[in-house]
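So the chains spell out like this:
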Amino acid sequence: MPTLGLACSNTAVLREQMAKRRNGFYVSLEKLWALLSSGRAKRILFSETPEWTEDIKSGFESLPHRIEFGSITAESSRGMTLSCH
């Protein structure tokens, strides 16, 4: 039975690595979208997900867009160009 525990542990690590890669891909895709879209700098509100925050910040650091993190509500979305869950 110890192998089952080890397998579960490895599965958890694998899922965490896959999630990190998926988050990195998402940030890259958003960065590409931002670079290709025309117009002025955008205000983007991201839902606050602690494990994604640093990836999102690093993905947008060289772009002119202003990003914020918080709860996405009708009130918080006012004045934003885009809200991302």
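Refer to the structure printed above.
Residues numbered from 1 in each chain as written. Predicted model: local features only at pLDDT ≥ 70, side-chain atom pairs only at ≥ 80, totals over all residues. Heavy atoms only, no water.

Caption draft 1: Expanded view of the pattern of salt bridges. Going through the model one piece at a time under the given rule, you end up with four salt bridges. Taking the shortest distance from any N to any O, the salt bridge between lysine 57 and glutamate 54 comes out at 3.9 Å. Within this pair, lysine 57 and its partner glutamate 54 are both found in helix H2 (residues 50–60), separated by three residues, close to a single helical turn. For glutamate 54, a relative accessible area of 55% gives the class exposed. Two residues, arginine 66 and glutamate 68, come together in a salt bridge whose shortest N-O distance is 2.7 Å. Taking relative accessible area as the criterion, glutamate 68 reaches 21% and is therefore assigned partly exposed. Several salt bridges converge on common partners, so that one network encompasses Arg43, Arg66 and Glu68. (Salt bridge = Lys/Arg side-chain N within 4 Å of Asp/Glu carboxyl O. Helix = DSSP H or I, 4+ residues; strand = E, 2+ residues; numbered from the N terminus. Buried < 20%, exposed > 50% of the residue type's maximum accessible area, 1.4 Å probe, protein only.)

Caption draft 2: Representation of a nonpolar patch on the surface in the model. A cluster of nonpolar side chains, Phe25, Leu29 and Leu32, forms an exposed patch at the surface whose accessible area comes to about 310 Å². Looking at the element boundaries, leucine 29 is found in helix H1 (residues 2–36). (Patch = residues over 30% accessible without salt bridge, like charges linked within 9 Å, V, L, I, M, F, W, Y side chains within 5 Å. Areas by Shrake-Rupley, 256 points an atom, 1.4 Å probe, with all protein chains shown as cover.)

Caption draft 3: Structural context of the nonpolar core. Counting residues in each nonpolar core, the largest one holds eight residues, listed as Val27, Ala34, Ile44, Phe46, Ile56, Phe60, Leu63 and Cys84. At the level of secondary structure, the elements contributing two or more residues to this core comprise H1, strand S1 (43–47) and H2. (Core = buried A, V, L, I, M, F, W, Y, C linked by side-chain atoms within 4.5 Å.)

Caption draft 4: Quick look at the packing of aromatic side chains. For the structure on display, the rule yields three aromatic pairs. The interplanar angle of 40° and the centroid separation of 6.1 Å between the aromatic rings of tyrosine 26 and tryptophan 52 together place this pair among those described as tilted. Of this pair, tyrosine 26 sits in helix H1 while tryptophan 52 sits in helix H2, and the two are 26 residues apart along the sequence. According to the relative accessible area criterion, tryptophan 52 is partly exposed, its value standing at 27%. Measuring from ring centre to ring centre gives 5.7 Å for phenylalanine 46 and phenylalanine 60, while their planes differ by 65°; the resulting arrangement is edge-to-face. Within this pair, whereas phenylalanine 46 is found in strand S1, its partner phenylalanine 60 is found in helix H2, the two being separated by 14 residues in sequence. Residues phenylalanine 46 and phenylalanine 60 agree in their burial class; the two are buried. (Phe/Tyr/Trp six-rings, centres within 6.5 Å; stacked < 30°, edge-to-face > 60°.)

Caption draft 5: How the structure looks around the pairing of S1. In terms of strand pairing, S1 meets strand S2 (residues 66–70) through five bridges, oriented parallel. Looking across to S2, one finds that phenylalanine 46 is bridged to phenylalanine 69. Read from S1 through H2 to S2, the crossover connection turns out right-handed. (Pairing = 2+ DSSP bridges. Right-handed = clockwise from strand over helix to strand, strands pointing away.)

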